[in-house]
Structures are given as structure tokens and as C-alpha cells.
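# Examination of the molecular architecture
Listed below, chain by chain, are the residues.
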Amino acid sequence: MTVFSVPDFDGHEHVSFGHDPETGLRAVIAIHNTNLGPAVGGCRMWSYADDEDALRDALRLSRGMTYKSALAGLPFGGGKSVIIGDAKTEKTPALMQAMGRFVESLGGRYIAAEDIGMKVSDMDEMAKVTKHVTGTSTTSGNPSPFTAYGVLRGIEAAVEHKLQRNDGLADIRIAIQGLGAVGFDLARRLHEKGAQLHVADINTEAVAKAADMFGATPVDTSKIHTADVDVFSPCALGAVINDDTVGKIQARIVAGSANNQLADDAHGAALAARGILYAPDYVINAGGIIEIAHGVDFGGNHDDVEIYAHLDQIHDTLAEIFQRADAESATTNVIADNMAEERFRIVA
Ligand code: NAD
């Protein structure tokens, strides 16, 4: 396996491989860029197919964090760590402490947060051996409501821009794919704004609850992206905008919380060619990292007024991206990347 020539390598500042024979830890920490501050990003535990798969995930995800934090106006760089293994069967407190020692060995250049396969109790284990960890039981709470609020503000920006509606979301038709921690809270907030909801989830209980509480119309999970609505809001899986789905979307806006919604960048162009406005995922779903940035780990006091004021900037950043995309005849995903690079590619 090589590092510098794998497709996801993007001039990363630092890549470390950690191994602890006693606990069986095998992990990668990737730091993409620290021009704006320490690299903050989740620690993921996953049964990767092989070591290269794990490395590529760490490289790709850490790069994404640089762009996300830069556009969210945070003093953070981009980093991510991955632990190779099954979180359900192979995770132990000793393994998490070994991971904590690995994080500690980088002296604060990387700060770990929760990601797939991690719980607050795992962050607590890491915190026993390193202070470079956030999202412990004493420092922050559940980021999902903050992410949902950011997505709501992003949908409002998209509706204003694309549908020329400046009077709120009353009667705007929105299809939500995924009613999990973010999607359900988003549905609640949209319902309060008078939107008409169409919802799909493999969890039929969540669908029934949304129908009951918000008058949402249940839609088959295989059809939600084809719903005749104004906004399609992916809040479940990645790569939902792909060769198969892109031509079937009837909504004029795609705006949701899911990470990596475009199967690849060309699908951003395909959406634009069909006149569909895309709210770049890492801009609209930055509420979680914004909440973390206001926590005690970073000198804040988790003040709701300050956090919500910061989340409101997601609306303004997206409005700027939409305007620039129109003015430069470029796709919104490319404009977002350019704006992020303008912020983090500081010339020393
Ligand atoms: P979650 O696991 O709580 O919810 C995901 C939901 O999607 C579940 O209810 C699941 O049943 C449903 N789902 C799975 N497959 C589906 C399918 N084929 N069709 C319809 N629904 C399906 O996750 P979450 O925390 O709500 O996050 C949702 C998305 O937003 C993820 O992509 C996540 O990476 C992203 N995100 C979340 C946060 C956050 O603060 N939680 C922050 C940034 C990005």
C-alpha cells in the first residue's frame, strides 16, 4: 500500500498509523490542513475491507472537515481518525484508551470527536488519557438538534433564492429521506413553519410518528427522491444523488443533512443542468461542529444564544454560494469548495 499516491491523498499535512499489540488497536489519524487551527474531526470505528480502505476513508473525511470548518467560520483545521474493527464486537474500554494515547501522541494537532461506531462513553475512555478529545459526558450534548436547525436555515436560504419566496415556508412541499436524529427534528421544525411534509424511512415507526404528529405523507423509501415536491431533503445516506436518481428528482431544491450526498462532483453539475439548486452538504450540515466549537473544550460556555446566532450564518453562507454560482455560471458545490479554499489556503 502507498500513501502519497492513493486517490484520496490531497496534500495532507500528516498521516499517522497507530498500533497497540495489547488491545489490538489498529488506527489511522489523518490531518488534512491546520492553517485555521487544530484539526478537529470524528473518530470512526468500522469494519473496513482492508487497510487501504481505512486509509482512504481517513484521508477523504479529514479533507472534508477542513472545508466544513472553514466555511462554518471556525478556527479549526480538518482531521479524522479511523479505528479498524467492528464497533459492536471488538470495542473495549482498553482499546479506546489505547486510541486516546494515540491521539495524545500528536500533542493536540488533532482533536477527536464522536463519529460512526462511537458513543459518549468511548469519548470518556479516551479522555482518561488525553485532553485532546471533545464530546465527552461532561462537555457537550447531542448535536443533532443543532444540525437540524442549520438545515432548516439552509432550506430557507434555498427557498428564498430558487423560489423567490421571502415569506417563510408555509405550504412549501418538502420530502425528507430519513427520520433519524436529524431528520425527525427537522420535520418537527418544518411542520412548525407550516411546510407540507412527505417522509420516508426504513423505520416504519418513525414514519407513523411523523404522520401522526406532523400530518406528514408517508412515501416508499425507493420513491422519496421522485416525490413531486419543492425540496428534497436527504437526511439518511450518502451518495443518494447518483446516476440512477439524478434524472428522477422532481424537486427544484436538494437540501438535507446527509454527508457526501453527491456520488461524485459531476452529479452537482447534473443537478445544475436540470435547474435544481443544490445546497452543498458540508455547508448546510455544519450545525454539529458549530455546537462543538461553542463548548467548554474550546473556551466557550455553550451559550444557546451564541450557538443559534452562529447557526444562522449557515443561511447567509449558502445565500452567498447561490449568488456566486449564478454570477459565475458554476455549480454550487464548486463555489463552496472555492470559498472554503479562499479561507484556509492562507499564504504564510
Ligand atoms: P440517524 O442514524 O439517527 O438517522 C438516519 C435515519 O435514516 C434512520 O432513521 C434510518 O432508519 C434512516 N434510513 C436508513 N436507510 C434509509 C433508506 N434507505 N431510506 C430512508 N431512510 C433510511 O443519523 P442522523 O444523526 O440523523 O444523521 C443523518 C445524516 O446526517 C447522516 O448522513 C449523517 O452523517 C448526517 N449528519 C448528521 C449530523 C448530526 O448532528 N447527527 C451532523 C452532520 C451530518
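Residues numbered from 1 in each chain as written. Predicted model: local features only at pLDDT ≥ 70, side-chain atom pairs only at ≥ 80, totals over all residues. Heavy atoms only, no water.

Inspection of the secondary structure puts Thr147 in helix 4 (residues 144–162). A relative accessible area of 9% places Thr147 in the buried class. Considering only alpha carbons, one finds Thr147 and Ser81, 66 residues apart in sequence, at a separation of 21 Å. Dropping the residues within four chain positions of it, Thr147 is found in contact with Val182, Ser257, Asn285, Gly287 and Gly288. In terms of polar contacts, Thr147 uses its side chain to reach the backbone amide nitrogen of Gly288, at 3.2 Å. (Helix = DSSP H or I, 4+ residues; strand = E, 2+ residues; numbered from the N terminus. Buried < 20%, exposed > 50% of the residue type's maximum accessible area, 1.4 Å probe, protein only. Contact = heavy atoms within 4.5 Å. Polar contact = N/O pair within 3.5 Å; in protein donor to acceptor, adjacent residues only side chain to side chain.)

The subject of this paragraph is the pairing of strand 6 (residues 173–177). A regular strand places its side chains on the two faces of the sheet in alternate fashion. With four of five residues buried, strand 6 is to be regarded as a mostly interior element. Here strand 6 runs beside strand 7 (residues 196–200); their pairing, made up of five bridges, is parallel. Residue Gln177 lies in a different strand from strand 7, and its bridge partner there is Ala200. Crossover connection from strand 6 via helix 5 (residues 181–192) to parallel strand 7: handedness right-handed. Sheet analysis places strand 6 next to strand 9 (residues 231–234), joined by four bridges and oriented parallel. (Pairing = 2+ DSSP bridges. Right-handed = clockwise from strand over helix to strand, strands pointing away.)

Let us look at the packing of aromatic side chains. For the structure on display, the rule yields seven aromatic pairs. Residues Phe76 and Phe298 carry aromatic rings whose centres are separated by 4.7 Å and whose planes lie at 50 degrees to one another, so their mutual orientation is tilted. With a gap of 222 residues between them, Phe76 in the loop between helix 1 (51–71) and strand 4 (77–84) and Phe298 in the loop between helix 9 (287–293) and helix 10 (304–327) connect regions that are remote in the sequence. Pairwise contacts between aromatic rings join Tyr67, Tyr282 and Phe344 into one cluster. Above the ring of Phe184, the side-chain terminus of Lys209 is found at 4.9 Å from the ring centroid. (Phe/Tyr/Trp six-rings, centres within 6.5 Å; stacked < 30°, edge-to-face > 60°. Lys NZ or Arg CZ within 6 Å of the ring centre and 35° of its normal.)

Let us look at the site of the ligand. Around the ligand, the surrounding shell holds 19 residues, and the nearest of these are Thr147, Ala181, Val182, Asp201 and Ser257. Contacts to the ligand include Gly180, whose backbone N or O atom sits 3.4 Å from an oxygen atom. Contact between the ligand and Val182: an oxygen atom at 2.8 Å from a main-chain N or O atom of the residue. Protein coverage of the free-state accessible area of the ligand, which is 820 Å², stands at 71%. Among the elements of the structure, helix 4 and helix 5 are those that each provide at least two residues to the shell around the ligand. (Near = heavy atom within 4 Å. Areas by Shrake-Rupley, 256 points an atom, 1.4 Å probe, with all protein chains shown as cover.)

On to the domain arrangement of the chain, then. Along its sequence, the chain is carved into domain 1 (3–127) and domain 2 (144–286 + 315–342). Using only C-alpha atoms to locate each centre, domain 1 and domain 2 end up separated by 28 Å. Counting from both sides, the interface comprises six residues of domain 1 and, opposite them, 13 residues of domain 2. Both faces considered, domain 1 and domain 2 share a buried interface measuring about 790 Å² in area, 64% of it formed by carbon and sulfur atoms. For the domain 1 face of the interface with domain 2, the top three residues by lost area are Tyr67, Lys68 and Leu71, together amounting to 77%. (Domains from an automatic or database assignment. Buried area = accessible area lost by both parts, 1.4 Å probe.)

Sheets are built from strands that pair by backbone hydrogen bonding, the pairs being arranged parallel or antiparallel. Pairing within the open sheet is parallel, and its six strands lie in the order 8-7-6-9-10-11. Unpaired on one side and paired on the other, strand 8 (217–218) and strand 11 (277–278) mark the two borders of the sheet. This element, helix 6 (residues 204–214), spans strand 7 and strand 8 of the sheet and lies at about 170 degrees to strand 7. (Axes fitted to C-alpha atoms, helices over the stretch in contact; angles between N-to-C directions.)

We now examine the pattern of salt bridges. Under the defined criterion, the tally for this structure stands at 22 salt bridges. Between Glu156 and Lys193 there is a salt bridge, with its nearest N and O atoms 3.8 Å apart. Residue Glu156 is found in helix 4, and its partner Lys193 is found in the loop between helix 5 and strand 7; the two are separated by 37 residues along the sequence. A residue is classified by how much of its surface remains accessible, and Lys193, at 40% relative accessible area, is partly exposed. The structure contains a network of salt bridges with shared partners spanning Arg44, Asp57, Arg60, Lys80 and Asp115. (Salt bridge = Lys/Arg side-chain N within 4 Å of Asp/Glu carboxyl O.)

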